[in-house]
Number of protein chains: 2
Amino acid sequence: MRTIVTGGAGFIGSNLAMMLEQTDEVRILDNFSTGDSRFLGLNSGQRELIEVDISTAKVEALAEIMEGFDRVFHIAANADVRGGWSNHRVDLDQNIIATSNIAEAARRSGVKEIIFASTGCVYGDSTIIPTSENEPFPIQTSLYGSSKAAAEGILSSYAAQGAFNVTVFRFVSILGKNYHHGHVVDFVRKLKANPGELAVLGNGTQKKSYIHVDDCVRALIELRNLKSPFEVFNIGHDYFIPVHKSANLVVESMGLSPRIVFGTEDRGWIGDNPFTFLDISKAQSFGWTPTISIEESVAQTVQYLLDNDWVLSMNLK
Amino acid sequence: MRTIVTGGAGFIGSNLAMMLEQTDEVRILDNFSTGDSRFLGLNSGQRELIEVDISTAKVEALAEIMEGFDRVFHIAANADVRGGWSNHRVDLDQNIIATSNIAEAARRSGVKEIIFASTGCVYGDSTIIPTSENEPFPIQTSLYGSSKAAAEGILSSYAAQGAFNVTVFRFVSILGKNYHHGHVVDFVRKLKANPGELAVLGNGTQKKSYIHVDDCVRALIELRNLKSPFEVFNIGHDYFIPVHKSANLVVESMGLSPRIVFGTEDRGWIGDNPFTFLDISKAQSFGWTPTISIEESVAQTVQYLLDNDWVLSMNLK
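Residues numbered from 1 in each chain as written. Chains lettered and ligands numbered in written order. Predicted model: local features only at pLDDT ≥ 70, side-chain atom pairs only at ≥ 80, totals over all residues.

## Focus on the sheet that holds strand β2 (residues 25–30) of chain B
Residue and element names in this part refer to chain B.
Argument step 1. With parallel pairing, the seven strands of this open sheet are ordered in space as β3-β2-β1-β4-β5-β6-β11. Two strands close off the open sheet at either side, each with one partner strand: β3 (46–51) and β11 (230–235). Each neighbouring strand pair of the sheet contributes to a mean axis angle of 20 degrees, computed without reference to strand direction.
Argument step 2. The pairing of β2 with β3 spans six bridges and is parallel. (Pairing = 2+ DSSP bridges. Helix = DSSP H or I, 4+ residues; strand = E, 2+ residues; numbered from the N terminus. Axes fitted to C-alpha atoms, helices over the stretch in contact; angles between N-to-C directions.)

Here is the structure:
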């Protein structure tokens, strides 16, 4: 199969591309804003890398790049949930406009399948937990979540029009190899700077579910949408942990025993969801289930970051 | 009160602005792409008209325009549901990016309230009819619907962040004075060109609800959101009619008896919703209800178009 991976030099995208290149002819698109070719390691299969910013590229150029390809894994995105309020264009450009460009280019080039990495953030502060795919999400709590919901909506209208089939994956936070952005990086950075103290955003009671990127990639590849034009799968773990436990797991993995200082708010930041736990029974009924525990994911991620110092110095603001 | 009306030279916007200028200091923004200053008639109150395209304007410039204003009625939009597939940027630019610009400018300038004209199209082909505000809308059937849903999501995230309060109105099709785009214009145009025959898109069984623009404007002004940061109201009539009856009403209003030729599809076009009927009980519980019948709205609209030939020659494609 001939497969495009947008954001293929990023965290999820690189793990996905490396898995796909064992079987597919893979063309990776990345603007290298947060991606890095080092994530991809040695080329073990059929891989081609194109530097392009899909949020500013002409649709005609993107359609030419996609010509003759069977499917697009659209993984490229701004994944920084917190940054939206300091730069309101980031989510609009990289998540909404980029997805519109990909959808229109796919339609013009005859691509028949788009697999889209969305987020559990689209549910906002859902009051129904665990949250299933059918829950409404009228109130978004972040520009990130609203941009992903918008991208889903755009893709669904192309699917309803018969342009191509779409499978949407709403992920919880993901950990593992090539992880370079998020709370575990923040914790490890802080602890390397000061092993005696760890300041945590929020009061530590926020409850989160995480999965390992290997489980994430398996979902993206295995839960393909072969029958219906538009299908949505929640992808998360079957349990959750509070942020204070997550902090302790990082501390333990590093062999440290710092003073952990929590904030006073029940959210880590404006738009942080104090309780993210997705109902994954639909994905499970299709044969997918998480195989790596949250504890093991955190430990592996900490070890990866300690082994790859350069990742810790990426994207520093 | 000091009030901004975007799209204030358009169909809904002009009716709204003329009502508001009786009580408010009104600043109208319009790019005059489909709006026309003739819709506004003589200035009967406090009115200022600024030509600006909010989809391409700088947020800084928009914030300056909004400085010192209390509220924004964001009415400007691409309202052509059918055009999305021939120009995929129209809904993205005029409905999503424009709304993002308005929201960010409002946040920066301290505007405390945004009233947004959305659409019942956000529900796609809802299977639950009449459709209430709480129904999920996972599958969009048009780029227009998905762009309005995206705009709602962006506004809701600003509201959740405490930037300003938002009231969203999901309208059915609207008729009345200054109506210049939609099926009644299409019918009147066709019948003026050929009074002996009227070709109707779709098989005529599509069921639609319409309201009069006077009822629409009353909803926008009266159902203000004073308590919760984000509120959604469906606005439509309490009954519906099939398209074949709608065609007959136009024909009767014009005093003609043409052969009416229907298509074979149960949709008028790709993305047309064969049955639009909103549950308006929430708006009614807040004191609003439609007062003008669909039949009267169609008759008034036909008369308006016959009295204003120039409107029929607008926006011809």
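After that view, the rundown keeps rolling.
## Topic: the environment of A:G204
Residue and element names in this part refer to chain A.
Argument step 1. You can see G204 is positioned in the loop between β8 (197–200) and β9 (207–208).
Argument step 2. Sequence separation between G204 and T264 is 60 residues, and the spatial gap between their C-alpha atoms is 8.7 Å.
Argument step 3. Sequence-distant contacts of G204, that is, excluding residues within four places in its chain, are made with P242, V243, H244, A247 and F262. (Contact = placed C-beta atoms within 7 Å.)

## Quick look at the domain arrangement of chain A
All names here are of chain A.
Argument step 1. Taken as a whole, chain A is organised into domain 1 (2–174 + 211–235) and domain 2 (176–209 + 239–312).
Argument step 2. Each of domain 1 and domain 2 was reduced to a C-alpha centroid, and the two centroids are 23 Å apart.
Argument step 3. Listed per partner, the contact involves 36 residues of domain 1 and 28 residues of domain 2.
Argument step 4. Of all elements in the fold, only α1 (11–20), β7 (173–175), β10 (210–212), α6 (213–222) and β11 (230–235) reach the threshold of two or more residues within the side of domain 1 that touches domain 2.
Argument step 5. Among the elements that take part in the side of domain 1 that touches domain 2, α6 stands out by supplying six residues, more than any other.
Argument step 6. When its residues are assigned to classes, the side of domain 1 that touches domain 2 shows 16 nonpolar, eleven polar and nine charged. (Domains from an automatic or database assignment. Nonpolar A, V, L, I, M, F, W, Y, C, P; charged D, E, K, R; others polar.)

## Re the interface of chain A and chain B
Argument step 1. Chain A puts 30 residues into the contact, and the matching count from chain B is 30 residues.
Argument step 2. Looking at the side of chain A that touches chain B, the element that brings in the most residues is helix α4 (residues 143–160) of chain A, giving ten residues.
Argument step 3. Counted by class, the side of chain A that touches chain B contains 15 nonpolar, 13 polar and two charged residues.

## Observations concerning the relation of the copies chain A and chain B
Argument step 1. When chain A is brought onto chain B, the operation consists of a screw motion whose angular component is 180 degrees and whose axial shift is 0.0 Å, with 0.0 Å RMSD remaining. Accordingly, the operation relating the two chain copies is best matched by a two-fold axis.
Argument step 2. Taken as a fraction of all interface residues of chain A, those also at the interface in chain B reach 100%, which identifies the copy contact as same-surface. (Least-squares fit on C-alpha atoms with pLDDT ≥ 70 in both.)

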